[in-house]
Amino acid sequence: MRRRRFLGTAAAGLALGLDAATAQESFEVTRTEREWKARLSDLEYRVMREEGTEPAFSSPLHDLKTDGTYRCRGCDQALYSSEHKFDSGTGWPSFYKPISEDAVATKRDWKLFVPRTEVHCARCGSHLGHIFDDGPPPTGKRHCINGVSLVFVAS
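Here goes a summary of the coordinates provided.

Here we look at the overall build of the protein chain
And then number 1: For the protein chain, the helix and strand inventory stands at 3 helices and 9 strands.
And then number 2: Traced from its N-terminal end to its C-terminal end, the protein chain shows the element sequence α-α-α-β-β-β-β-β-β-β-β-β.
And then number 3: Pairs at least 24 apart in sequence give 56% of the contacts found in the protein chain among residues at least 6 apart.
And then number 4: Accessible surface computed for the protein chain: about 9200 Å², of which carbon and sulfur atoms make up 53%.

Below is the structure:
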């Protein structure tokens, strides 16, 4: 009986993940697949449009300590401030909150069979990374962000 319940729950979770991943969303900034591919490198496209992940410690933004704003590579929207950046030890630029709650959007990610919170640019839908509940005060959140999804602008 327990096995059936587990299998049913797992199948429902997978179905939910597929529905969320394939749902059509509309964004202020939209581009065709061809336009995105022309605009982004192969890695940027894989991360931002196919919800991939860059290798840990590969981004020059990981160790950056300069004051400024981290903007979306896809649409130039301001996403994160250097004031909210911290060293999480994970290998990706990490922030305890976005520049504003309207800058990012989230959805459930079931790719690893465990629910995670995926974070996207609210303006163009580009995949940024994931949000975890192990960040510092005051939010307790860790926005673990792929550096290739960001462009840094110094203040």
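Considerations on the sheet that holds strand 3 (residues 85-86)
And then number 1: Spatially, 6 strands are ordered 3-4-8-7-6-5 in an open sheet, and the strand pairing comes out antiparallel. Single-partner strands in this sheet number two, and they are strand 3 and strand 5 (104-109).

Comments concerning the pattern of salt bridges
And then number 1: Under the counting rule described, the total for this entry stands at 8 salt bridges.
And then number 2: Put simply, Lys107 and Glu51 hold a salt bridge, and the shortest N to O gap is 3.0 Å. Note that Lys107 is positioned in strand 5 and Glu51 in the loop between helix 3 (42-48) and strand 1 (68-72), a separation of 56 residues in sequence. Considered together, Lys107 and Glu51 belong to a single accessibility category, that of buried residues.

So, how was this worked out
Residues numbered from 1 in each chain as written. Predicted model: local features only at pLDDT ≥ 70, side-chain atom pairs only at ≥ 80, totals over all residues. Heavy atoms only, no water. Helix = DSSP H or I, 4+ residues; strand = E, 2+ residues; numbered from the N terminus. Contact = heavy atoms within 4.5 Å. Areas by Shrake-Rupley, 256 points an atom, 1.4 Å probe, with all protein chains shown as cover. Pairing = 2+ DSSP bridges. Salt bridge = Lys/Arg side-chain N within 4 Å of Asp/Glu carboxyl O. Buried < 20%, exposed > 50% of the residue type's maximum accessible area, 1.4 Å probe, protein only.

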